[in-house]
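Next come the chains, spelled out residue by residue.
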Amino acid sequence: MNKSLIKIEKVYKNFVNNKLIVNVLNNLNLELETGKVIALIGPSGSGKSTLLHLLALLDRPTKGDISILGQSIQNI
């Protein structure tokens, strides 16, 4: 039986550049299970590195929640 490894719920990530708000991730929902292989693909500027930074706990979402093994990163 596969278990939820990472759960991303209603995640938004915005950056401010010269007083302009840049929306990178908008209402992202995703659940990754143990034992599965996935690929993260997309064009340049689509948010792949931003998502990886959030999952590596190098950054925090503007809004929403990410849980790793059932524990919210807001509590880490």
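Our subject is the structure listed above.
What counts, and at which threshold
- Residues numbered from 1 in each chain as written.
- Predicted model: local features only at pLDDT ≥ 70, side-chain atom pairs only at ≥ 80, totals over all residues.
- Heavy atoms only, no water.
- Patch = residues over 30% accessible without salt bridge, like charges linked within 9 Å, V, L, I, M, F, W, Y side chains within 5 Å.
- Areas by Shrake-Rupley, 256 points an atom, 1.4 Å probe, with all protein chains shown as cover.
- Salt bridge = Lys/Arg side-chain N within 4 Å of Asp/Glu carboxyl O.
- Buried < 20%, exposed > 50% of the residue type's maximum accessible area, 1.4 Å probe, protein only.
- Helix = DSSP H or I, 4+ residues; strand = E, 2+ residues; numbered from the N terminus.
- Arc of directions from axis to C-beta.
- Contact = heavy atoms within 4.5 Å.
- Lys, Arg positive; Asp, Glu negative; His and termini not counted.
- Polar contact = N/O pair within 3.5 Å; in protein donor to acceptor, adjacent residues only side chain to side chain.

On the surface, a cluster of nonpolar side chains totalling about 250 Å² of accessible area is made up of Phe15, Leu20 and Val22. Given a relative accessible area of 55%, leucine 20 falls into the exposed group.

Before going further, it helps to examine helix α1 (residues 48-55). Along α1, the residues that are buried comprise Thr50, Leu51, Leu54 and Leu55. Taken end-on, α1 shows its buried residues confined to a sector of 135°, consistent with a single buried face. Where the residues of α1 are buried, they touch β1 (4-17), β2 (20-33) and β3 (63-68).

With respect to the helices and strands, leucine 30 occurs in strand β2. By relative accessible area, leucine 30 is classed as partly exposed at 33%. Sequence-wise, leucine 30 and isoleucine 6 are 24 residues apart; in three dimensions their C-alpha atoms are separated by 8.0 Å. Setting aside residues up to four positions removed in sequence, leucine 30 forms contacts with Ile6, Lys7 and Ile8.

Time to look at the environment of glycine 64. Within the element layout of this structure, glycine 64 appears in strand β3. Since its relative accessible area comes to 25%, glycine 64 is described here as partly exposed. Considering only alpha carbons, one finds glycine 64 and glutamate 9, 55 residues apart in sequence, at a separation of 5.9 Å. Residues in contact with glycine 64, not counting those within four places in the same chain, are Glu9, Lys10, Val11 and Gln74.

So, about the side chain of aspartate 65. One can find aspartate 65 in strand β3. Put simply, aspartate 65 is tucked away with no salt bridge, and the nearest opposite charge, on arginine 60, sits 7.9 Å away. For aspartate 65, the side chain forms a polar contact with the side chain of serine 67, separated by 3.3 Å. At a separation of 2.5 Å, a polar atom in the side chain of aspartate 65 contacts the side chain of serine 72. Contact partners of aspartate 65, with chain neighbours within four places excluded, come to Lys7, Ile8, Glu9, Val11, Ser72, Ile73 and Gln74.

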